[in-house]
Amino acid sequence: MRPHSKNSLLAVLMMIGALAGCAGRAKVQPAASMTSGGSIITIEASSYKFSPSEIQVEKPGLLAVEVKNVSNSEHNFTIEDLHGKILKSVAIRPGGSAIINVELTERGVYKFYCNKTFHSTFGMKGQIRVGR
Ligand SMILES: [Cu+2]
């Protein structure tokens, strides 16, 4: 292998390492507690990500998710239970918002995503961890 091709391989490896590092550093956002007993979190939907995408909830119970679509495209918020069953699936128009109430009855990691074609592939997905 000639020296310059070795260097470009190294550059590619370093780039992959940097990307993986970014993915691993996703900030976990704790949901706020409501006086009524449940929790609440606000998520911004843009093309193509949810922010925050990693959410922590103290314990099982009601979670109110406010999803604000800050993009010019229609998006969707779909959340599954621990067994892959869809709990809620709500469309959010461009510039609009929706409050989605879900009962997260068990400790564990709940996946959410946008169900529009390819959006989750592009990165419109995240998870809610209930309990430590
Ligand atoms: Cu989407």
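See the structure above.
Residues numbered from 1 in each chain as written. Predicted model: local features only at pLDDT ≥ 70, side-chain atom pairs only at ≥ 80, totals over all residues.

> Honestly, the nonpolar core in this entry has me stumped. Any pointers?
Grouped burial of nonpolar side chains is what soluble globular proteins tend to show. The biggest cluster of nonpolar side chains holds 19 residues, and the ones touching the most others in it are A45, V57, F77, Y110, F112 and I128. Put simply, the parts of the chain that give this core at least two residues each are β3 (39-46), β5 (54-57), β6 (61-69), β7 (75-80), β10 (108-113) and β11 (125-130). Those residues in contact with F112, other than ones at most four positions away along the chain, are F77, T78, I79, K125, G126, Q127 and I128. (Core = buried A, V, L, I, M, F, W, Y, C linked by C-beta atoms within 7 Å. Buried ≥ 20, exposed ≤ 12 C-beta atoms within 10 Å, placed from the backbone. Helix = DSSP H or I, 4+ residues; strand = E, 2+ residues; numbered from the N terminus. Contact = placed C-beta atoms within 7 Å.)

> Looking at this model, I keep getting lost on the sheet that holds strand β8 (residues 86-92). Mind explaining?
Remark on secondary structure: sheet strands pair via backbone hydrogen bonds, oriented parallel or antiparallel. An order of β1-β5-β11-β10-β7-β8 is seen for the six strands of this open sheet, with the pairing classed as mixed. Both edges of this open sheet fall to β1 (28-30) and β8, since each of them pairs with a single strand only. Looking at each pair of strands side by side, their axes are set apart by 20° on average, direction ignored. Direction of pairing for β7 relative to β10: antiparallel, over a ladder of two bridges. Note on β10: the bridge partner recorded for T78 is Y113. (Pairing = 2+ DSSP bridges. Axes fitted to C-alpha atoms, helices over the stretch in contact; angles between N-to-C directions.)

> Sorry if this is basic, but what is going on with the pairing of β7 here?
Counting buried residues along β7, five of its six residues qualify, which places the element largely inside the surrounding structure. Alignment of β7 against β8, held across six bridges, turns out to be antiparallel. Residue pairing across strands places H75 opposite I92, the latter belonging to β8. A loop of five residues connects β7 with β8, the two strands running antiparallel in sequence, and G84 in this loop sits at a positive phi of about 85°.

Take it as geometry only, folks, not as evidence of what the structure does.
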